[in-house]
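Here is what each chain is made of, one letter per residue.
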Amino acid sequence: MKIWMVFIFLALSLFGDAFQEGFDEYKKGNKKKAAEFFKKACDGGNPLGCSILGLMYANGEGIKQDKIKAVEFYKKACDGGNAQGCNNLGLMYDNGEGIREDKFKAVEFYKKACDGGDALGCNNLGFMYSKGKGIKQDKFKAAELYKKACDGGCAQGCFNLGLKYANGEGIREDKFKAVEFYKKACDGGYAQGCNNLGLMYDNGDGIKQDKFKAVELYKKACDGGDAWGCNNLGIMYEYGEGVRQDKKRAKMLFGKACDMRLEDGCRNYKILNEQGF
């Protein structure tokens with residue numbers, strides 16, 4: 001959010017009224033009117049206006065959803081030097097949305113985004129290197145890019161770097177470092193980071209075992225929409241670890257995980273349901 005605000009204030013100072021009016025209307029919730037002003041700003045040479053308009057087309061905000069139009073405006077933004085536009089264009093190629101799927105093109109635009117200072121672009125490029133999609137697999141390069149993403153404020157990049165340290169992929173295994181980066185991810189609002197940090201506390205892996213802290217972190221993960229966090233919190237309630245035993249609450253949490261399509265959650269819910277809880 002802070003990064004977006006920097007770009008927004010820069011755009012306001014450089015490109016004037018149309019972008020300002022679009023920004024004001026968007027804040028008021030008048031998204032249809034905002035889209036009109038962002039279009040005007042884009043036509044006037046404001047690449048951030050193009051990027052935001054692309055997002056609005058992609059999500060159907062104040063304007064009829066149109067993935068092809070989203071691609072068009074992301075490309076215009078990227079060509080104008082907006083790194084977020086390049087990242088979003090990469091995502092469209094990656095997922096085959098509004099354009100034919102092309103992993104090689106996705107890599108190209110993620111790289112352009114990363115080189116332009118977009119942390120999420122670095123994270124996405126790291127993922128492509130990690131999985132060998134659209135480029136030769138290189139787990140060392142992936143770890144390097146996740147570090148760059150994390151340093152740039154991307155919580156998902158911190159989480160992915162934590163995974164690399166935990167598993168010793170592309171980097172020397174270091175559970176203490178894994179804890180450090182899971183914490184950064186969790187503090188940055190990435191729910192999976194909270195769940196994985198909870199696991200480290202739960203098992204005493206890279207940090208002193210603390211079941212109470214594990215419960216706290218699983219709850220934060222679950223509240224943030226992470227299915228594994230809900231499932232793991234359910235296990236703590238089922239067995240009374242770090243919290244007073246409560247199988248009815250455990251069943252509710254397993255049900256929540258199941259609703260998020262986690263098979264373990266569904267299986268655990270079924271077991272407690274058959275036991276009469």
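Since we're looking at a predicted model, the values are computed, not measured.

Conventions and cut-offs
Residues numbered from 1 in each chain as written. Predicted model: local features only at pLDDT ≥ 70, side-chain atom pairs only at ≥ 80, totals over all residues. Heavy atoms only, no water. Helix = DSSP H or I, 4+ residues; strand = E, 2+ residues; numbered from the N terminus. Expected span 1.5 Å × (residues − 1). Buried < 20%, exposed > 50% of the residue type's maximum accessible area, 1.4 Å probe, protein only. Contact = heavy atoms within 4.5 Å. Polar contact = N/O pair within 3.5 Å; in protein donor to acceptor, adjacent residues only side chain to side chain. Disulfide = S-S within 2.5 Å. Core = buried A, V, L, I, M, F, W, Y, C linked by side-chain atoms within 4.5 Å. Salt bridge = Lys/Arg side-chain N within 4 Å of Asp/Glu carboxyl O.

A. Just helix H13 (residues 211-223), in detail. If you check H13, its first and last C-alpha atoms are 18 Å apart, about what 13 residues at 1.5 Å a residue would give, namely 18 Å. For H13, the complete set of buried residues consists of Ala214, Val215, Leu217, Tyr218, Ala221 and Cys222. On its buried side, H13 packs onto helix H11 (175-187), helix H12 (191-203), helix H14 (227-239) and helix H15 (247-259). Between a side-chain oxygen at the N-terminus of H13 and the backbone nitrogen of Phe212 the separation is 3.1 Å; the capping residue is Asp210. Immediately downstream of H13, the backbone of Gly225 shows phi near 95°, a positive value.

B. Expanded view of the state of the cysteines. If you walk through the whole model with that rule in mind, you get 7 disulfides. Residue Cys42 pairs covalently with Cys50 via a disulfide, S to S 2.0 Å. Where Cys42 bonds to Cys50 through sulfur, the torsion about that S-S bond is close to 95°, and the disulfide is right-handed. Across this residue pair, the class does not change: Cys42 and Cys50 are buried. In this model, Cys114 is linked to Cys122 through a disulfide, with the two sulfur atoms separated by 2.1 Å. Because the torsion about its S-S bond is 95°, the bridge between Cys114 and Cys122 counts as right-handed. With respect to burial, Cys114 and Cys122 carry one shared label: buried.

C. Here's a closer look at unusual backbone geometry. Phi is positive for Arg261, close to 70°, though the residue is something other than glycine. Residue position: Arg261 is located in the loop between H15 and helix H16 (263-274). Judged by relative accessible area, which is 79%, Arg261 ranks as exposed.

D. Here's a closer look at the nonpolar core. In this structure, Phe19, Phe38 and Tyr182 are the most contacted members of the largest nonpolar core, which totals 75 residues. With 7 residues, helix H4 (residues 47-59) is the largest single contributor of residues to this core. Setting aside residues no more than four positions away along its own chain, Phe38 makes contact with Phe19, Gly22, Phe23, Tyr26, Gly49, Ile52, Leu53 and Met56.

E. Molecular detail of the side chain of Asn88. The topology assignment puts Asn88 in helix H6 (residues 83-95). Among all residues touching Asn88, those that are not within four sequence positions of it are Ser51, Leu55 and Tyr74.

F. Seen up close, the pattern of salt bridges. This structure, assessed with the given rule, holds 24 salt bridges. Two residues, Lys69 and Glu72, come together in a salt bridge whose shortest N-O distance is 3.7 Å. Residue Lys69 and its partner Glu72 are both found in helix H5 (residues 67-79); the two are separated by 3 residues, about one turn of the helix. For Lys69, a relative accessible area of 30% corresponds to the partly exposed category. For Asp223, the salt bridge identified is with Lys219, shortest N-O distance 2.7 Å. Pair noted here: Asp223 and Lys219 are both in helix H13, with a separation of 4 residues, about one helical turn. Judged by its relative accessible area of 40%, Lys219 is partly exposed.

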